[in-house]
Structures are given as structure tokens and as C-alpha cells.
Amino acid sequence: MVHLGKVPTHKELEDQKKDLPDVGGLDLEPHGSDQFTASVYGSHFAAMDLPKHEMPEEMMPKEVAYRMIKDDLTLDGTPTLNLASFVTTYMEEEAEKLMVDAFSKNFIDYEEYPVSADIQNRCVSMIARLFNAPLHDENAQVMGTSTIGSSEAIMLGTLAMKKRWQKKRIAAGRDASKPNIVMNSAVQVCWEKAARYFDVEEKYVYCEEGRYVIDPKQAVDLVDENTIGICSILGTTYTGEYEDTKAINDLLVERNIDCPIHVDAASGGFVAPFVNPNLIWDFKLEKVVSINVSGHKYGLVYPGVGWVVWRDPEFLPKELIFNINYLGADQASFTLNFSRGASQVIGQYYQLIRLGKTGYRNIMCNITRTADYLAASVEKMGFLLMCQTGGKGLPLVAFRLNPKDGHQFDEFAIAHQLRERGWVVPAYTMAPHAGTLKMMRVVVREDFSRSRCDALIADLKLAVQELVKISDAGSIDQYKDHVQRQKQAGKHRKSLNQHYADEQHSLKGKHGKTHAVC
């Protein structure tokens, strides 16, 4: 998610300078060397703050710029310890080399880089077949495209469903001004954005305590003549559960309702086919018309690539496609973005042919075993599991404190304790109507080894023990104040735009839902 940055005013910058000590009277200029011969930390740049709000007038040596920025970035967290995110943090060196070689390639330039363009088509073909696209028909016209990620893919899928619905309504001489879409209230925020940006009403199937996925009957009951489609999630971001796409499909068929299903397989699209191959969720179901998947999650590619596939041109209206002639090459384009680098697509192709089905199966089964081991460990510690094990859901562990234990601290306090030990294990407030539950979630990725898992378990035990000690000492309120002060004092918090902090139109604004990190 891209943060909306706040541009500070001149007065705010001047006020910040007032808080800095005045050392103007000291002679701190380097002696005996200039900016081109001094060591990085012997140059005058090392004694200056990095430019933050306005471009500097003069240049600095490349070695100094590199080192200063690298030093600044050390304050970021360690990606391998960030267990909040599904995003890939490891690729082989050979894949990285291929991606670096492609940094300068503008992927949209099909005439200049025809092989890169063809590699995208190869990936689309492989992914479509992985999702059982109906290619047995010699007249099949399955199609797909790469995207920046699943958010863009979902935007494109929503647009296609809306335009198809509008065309049918207008052709029948009926009103086409009030489209709606049916989805689980635990959807990732990009679904809220897609509905809001494209003027589609959200119709939610709300979670309940003990049920955190969509209820198929409730979903189909919400369908009316203005419904453009139903979103079914293959791996929710909170609990990792697979929603029952087949049940939704069968109810639509049984009731003879013409309503398409878009499967959001952002996280599960590269997991379920290998760990749970008997699960029916994809193009085998006649009502599933489009599927998106993130290449940069369990597709095992660094951030910046997603995929979306359509069953047939019927579900991707021609009005959305632009035939363009770019430097002599005719091409059909359906994208929210135009220019983009070729690196991530090439990285995806490397992973698909390097690992093959056997490699993906081995990796996904390994991390599923690790997730089950972690789940058993946290359950033994007294936590309540909120996820499924044994490959029935994503390789993640969602858990919460047992209310019967009467702890004076909550999941957010545990998350803070783990953060002090270097781990990023987020706590969330569950989707609305789920009993105001709080929970924690650990995403098990390819590079989360068994030994690292044991280290997390040990630190989780220590975190709980420390909080119990604080509670027993009657200091839990002071600890909560301490945590709150630390959050408010974050050095980067002031740069976040607070103008829209009081919005009331989203699930977060209305219900206090914490959107889970993807």
C-alpha cells in the first residue's frame, strides 16, 4: 500500500530547525582534503543532514550518496524477520542477475524488446493452465496479462465485470447506473478501492465469530439485478482460509443466476494447486470468469508483479482494450499503468521454469509443514488457533489469546514485545461483526526455516512471560502508556499525511477494522 505523504510547509521546516543545536561557531570544515579525495566519513557531507525536502544545489560524490542512503536504510526492519508480509524476500542469485540486466528495459516497448514481451505470454499460458483454463476447446480464447501486483489485477477484473454488466443492461434497455459487487468484509483494502474508484456499491457478507470467510448462501442471497459479480478469496489475509468458491458456483447454477465469480487468488494461487490439488476453486467451475494471483507472494518473485487471467473475451469487453502502435509494433493493451520495467516478469519466468511443478510443490509443502509446526507450538502455549492446518489453507499461523486466561494485556502488547526483539509479527482488529476480536498472524515464507521458527517460538514465550511479570507487578497500565508514547514518537510519523485520518467511508473508518498486510 502506498502511503500518502504530507509535504511540510516552510514554517514547519523552520520550526524543525529551531529544535536543532546551534554549532555554527565551531570550525568543523575538513582540512587537507576535498570532496573527491576525502573518505566518506571524512567529507563534509558526513557532518550534514541528508536533504529531505528540497533538491540540493550542488552535487555530491556517488560513493558518498550511496553510503549516506545505505546508512539511512539500516533503520528499516530486516525483511527476513518481517513475518507480517506475504511478499517474497529471497530469490536465487541467478534470478537476481537476470532481473538486474533487465532494469533498463521498458516492458511496454514490444518492438524493441520482443523476447521480454513473449516471456510475459509464456507466463500467462503457464499460469492459465495451472488454473485449469478451458483450453480443451479448439476455439478457446483464454487471455491474461501481467500487472504491477494483485491490486492492479483486481482493478482490471472489477472493471471488466462492471463494463460487461453495463453492456447487458443497456442492451436490454434497463438502468445501468447502480452496479454492486458482493464480497466478504475481510477483503483486502484493494477491493474497497476498486469499488470506490469505479463507483460500484459494496455489498458485504460480514464475518461472524467463528466464521471469517464468506458464507456462500448469504453471498448468493445478496445478488440482485445490479450485481456485477461475486469476489471469492483463495486465502484470506487474516486467517489464510480458502473460501468455498465451488459452493457459490453451485448455488448460482442451481438458481440459474447469471452472475460471474472473480477469484482473488493473490496468496493461494501458487499454493493450493500444489498442496491441495483436489480443491475445486478455479476455471473448472463454470461461473469463475477471471482469476488474479500475485507473482510476488507465493509466486516467489520480488515485489512488483501480479497476473490476471480471463476465461473468454465475453468477460473482457472490447471497449476496455486499446490497440496501440508503439514504435511500429501493434499490440492490445489493458492496463492501468503503461511504462514499466521488465525485471519482475523475467523473474517470474525464471522461477516457473527453474522450479517447475516439482520445485513449487516441494517449497509449498515444506513451508506448510513449518506452519503446522508453529501452529502446534503456539497452541501448546495456550493460544487459540484461528487458521486451518494440514494444507487446508495458506501456510500461515493466525492465533489469539484465550479470553479464559484473563490476561491484562492483549495481542498488540505481545506484538510490541516481539518488535523489541526484532520480529515483525502484527496484531490486528478483526473484520467487522466478528466480535471485536484481536489476533496475531505469522506468514511462513520460503526463507522461514525451521531453526528461525524455533527462535520465534522462544521469543514469543519470553514476550508472554515478560508481560505476565509486568501484569503481576501491577505495572501493565504504565507499560501500555510506554507503548503508546513510543508509537507517537516515531521519527517518521510526522511525515505521514494526517489530513484524511478521520475518514468514515471505509471498513476501517466505520468499524475500526485493521487491514492485514499483504
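This structure is a prediction, so every number in the text was calculated from the model and none was measured.

So, on to the UniProt feature "modified residue: N6-(pyridoxal phosphate)lysine" (unreviewed entry) in the protein. UniProt marks Lys 297 with the feature "modified residue: N6-(pyridoxal phosphate)lysine" (unreviewed entry), using the numbering shown here. Among the structural elements, Lys 297 can be located in the loop between β6 (288–294) and β7 (306–310).

With that out of the way, let us pick up the nonpolar core. Ranked by size, the top nonpolar core spans 105 residues in total, and within it Met 364 and Ile 414 carry the most contacts. Ranked by residue count, the leading element in this core is helix α10 (residues 343–380), at 14 residues. Setting aside chain neighbours within four positions, we find Ile 414 in contact with Phe 383, Leu 401, Phe 409, Met 440, Leu 460, Ala 463, Val 464 and Leu 467. Among the nonpolar cores identified, the runner-up in size contains 29 residues, and Ala 153, Trp 191, Val 200 and Val 308 belong to it.

With that out of the way, let us pick up unusual backbone geometry. Backbone geometry at Asn 256 places phi at a positive 55 degrees, although glycine is not the residue there. Following the sequence through the fold, Asn 256 ends up in the loop between α8 (245–254) and β5 (261–264). The phi torsion at Leu 300 lies on the positive side, around 75 degrees, for a residue other than glycine. Mapping Leu 300 onto the fold places it in the loop between β6 and β7. In this structure Leu 300 comes out as buried when scored by relative accessible area, which is 4%.

To continue, consider the packing of helix α5 (residues 150–171) against helix α6 (residues 189–197). The geometry of a pair of packed helices is captured by two quantities: the angle between their axes and the separation between those axes. At a minimum axis separation of 9 Å, α5 and α6 run at an interaxial angle of 40 degrees. Judged on the interaxial angle alone, α6 and α5 are oblique. The crossing of α5 and α6 is right-handed. Residue-level contacts link Ser 151, Ile 154, Met 155 and Thr 158 of α5 to Cys 190, Trp 191, Lys 193, Ala 194 and Tyr 197 of α6. Considered class by class, the residues forming the contact of α5 with α6 number 6 nonpolar, 2 polar and 1 charged.

Counting buried positions over the 5 residues of strand β3 (residues 201–205) gives 4, a clear majority of the element. With 5 bridges connecting them, strand β2 (residues 180–184) and β3 associate as parallel partners. Looking at the pairing, Asn 180 lines up with Glu 201 of β3.

In space, the 4 strands of this open sheet follow the order β10-β11-β13-β12, with antiparallel pairing throughout. Pairing within the sheet leaves two strands with one partner each, and these edge strands are β10 (384–385) and β12 (427–429). Direction of pairing for β10 relative to strand β11 (residues 396–400): antiparallel, over a ladder of 2 bridges. Bridging from a neighbouring strand, Leu 384 pairs with Arg 400 of β11.

Tracing the sequence through the fold places Ile 280 in the loop between α9 (272–275) and β6. As a C-alpha pair, Ile 280 and Asp 244 span 36 residues in sequence and 8.7 Å in three-dimensional space. Not counting residues up to four positions away in its chain, the partners in contact with Ile 280 are Lys 246 and Leu 285.

A few words now on the pattern of salt bridges. Across all of its chains, the model carries 22 salt bridges by this definition. The partner of Arg 421 in a salt bridge is Asp 459, with the nearest N and O atoms 4.0 Å apart. Taken together, the positions of Arg 421 in the loop between α11 (411–420) and β12 and Asp 459 in helix α12 (residues 450–472) put the pair 38 residues apart, joining distant regions of the chain. Assessed through its relative accessible area of 30%, Arg 421 is described here as partly exposed. Overlapping salt bridges bring together Arg 164, Lys 168, Asp 258 and Glu 314 as one network.

For the rest of this paragraph, the subject is the pairing of β5. Of the two faces of β5, the one holding Ile 261 and Val 263 and the one holding His 262 and Asp 264 are both buried throughout. Sheet topology note: the strand β4 (residues 227–233)/β5 ladder contains 4 bridges and is parallel. Bridge pairing in β5 places Cys 231 opposite His 262. Each parallel crossover has a hand, and for β4 linked through α8 to β5 it is right-handed. Relative to β6, β5 runs parallel, the two sharing 4 bridges. For Asp 264, the partnering residue across the bridge sits in β6 and is Asn 292.

A sheet is described by the order of its strands in space; here 7 strands give the open sequence β1-β7-β6-β5-β4-β2-β3, paired in mixed fashion. Only two strands of the sheet have a single neighbouring strand rather than two, namely β1 (143–147) and β3. On average, each strand axis in the sheet is inclined to that of its neighbour by 20 degrees, with strand direction left out of account. Sheet topology places β6 next to β7; 5 bridges connect them, and they run antiparallel.

Summed over all chains, the structure comprises 7 aromatic pairs. Both rings, one in Phe 131 and one in Trp 281, keep their centres 5.2 Å apart while their planes meet at 70 degrees; by these two values the pair is edge-to-face. In this pair, Phe 131 is assigned in the loop between α4 (114–130) and β1 and Trp 281 in the loop between α9 and β6, connecting sequence segments 150 residues apart. As far as the burial class goes, Phe 131 and Trp 281 line up, both buried. Arranged with centres 5.0 Å apart and planes meeting at 75 degrees, the rings of Phe 383 and Phe 399 form a pair that is edge-to-face. Here Phe 399 lies in strand β11 and Phe 383 lies in the loop between α10 and β10, a separation of 16 residues in the sequence. Here Phe 383 falls in the buried class, since its relative accessible area comes to 5%. Taking relative accessible area as the criterion, Phe 399 reaches 1% and is therefore assigned buried. In this arrangement the basic side chain of Arg 450 is found over the ring face of Tyr 373, its NZ or CZ atom lying 3.5 Å from the centre.

This part takes up α4. Here α4 contains 17 residues, and its C-alpha end-to-end distance of 25 Å stays within 8% of the 24 Å for a straight helix at 1.5 Å per residue. Buried within α4 are the following residues: Ser 116, Ala 117, Ile 119, Gln 120, Cys 123, Val 124, Ile 127, Ala 128 and Leu 130. Packing partners of the buried residues in α4 comprise β1, α9, β6, β7 and α10. Positive phi shows up at Asn 132, right after α4, with a value of about 60 degrees.

Calculation rules
- Residues numbered from 1 in each chain as written.
- Predicted model: local features only at pLDDT ≥ 70, side-chain atom pairs only at ≥ 80, totals over all residues.
- Heavy atoms only, no water.
- UniProt positions renumbered as here; feature names shortened; annotations may be inferred.
- Helix = DSSP H or I, 4+ residues; strand = E, 2+ residues; numbered from the N terminus.
- Core = buried A, V, L, I, M, F, W, Y, C linked by side-chain atoms within 4.5 Å.
- Buried < 20%, exposed > 50% of the residue type's maximum accessible area, 1.4 Å probe, protein only.
- Contact = heavy atoms within 4.5 Å.
- Axes fitted to C-alpha atoms, helices over the stretch in contact; angles between N-to-C directions.
- Parallel < 35°, antiparallel > 145°, perpendicular 65-115°, else oblique.
- Left-handed = near helix turned anticlockwise from the far one by under 90°.
- Nonpolar A, V, L, I, M, F, W, Y, C, P; charged D, E, K, R; others polar.
- Pairing = 2+ DSSP bridges.
- Salt bridge = Lys/Arg side-chain N within 4 Å of Asp/Glu carboxyl O.
- Right-handed = clockwise from strand over helix to strand, strands pointing away.
- Phe/Tyr/Trp six-rings, centres within 6.5 Å; stacked < 30°, edge-to-face > 60°.
- Lys NZ or Arg CZ within 6 Å of the ring centre and 35° of its normal.
- Expected span 1.5 Å × (residues − 1).

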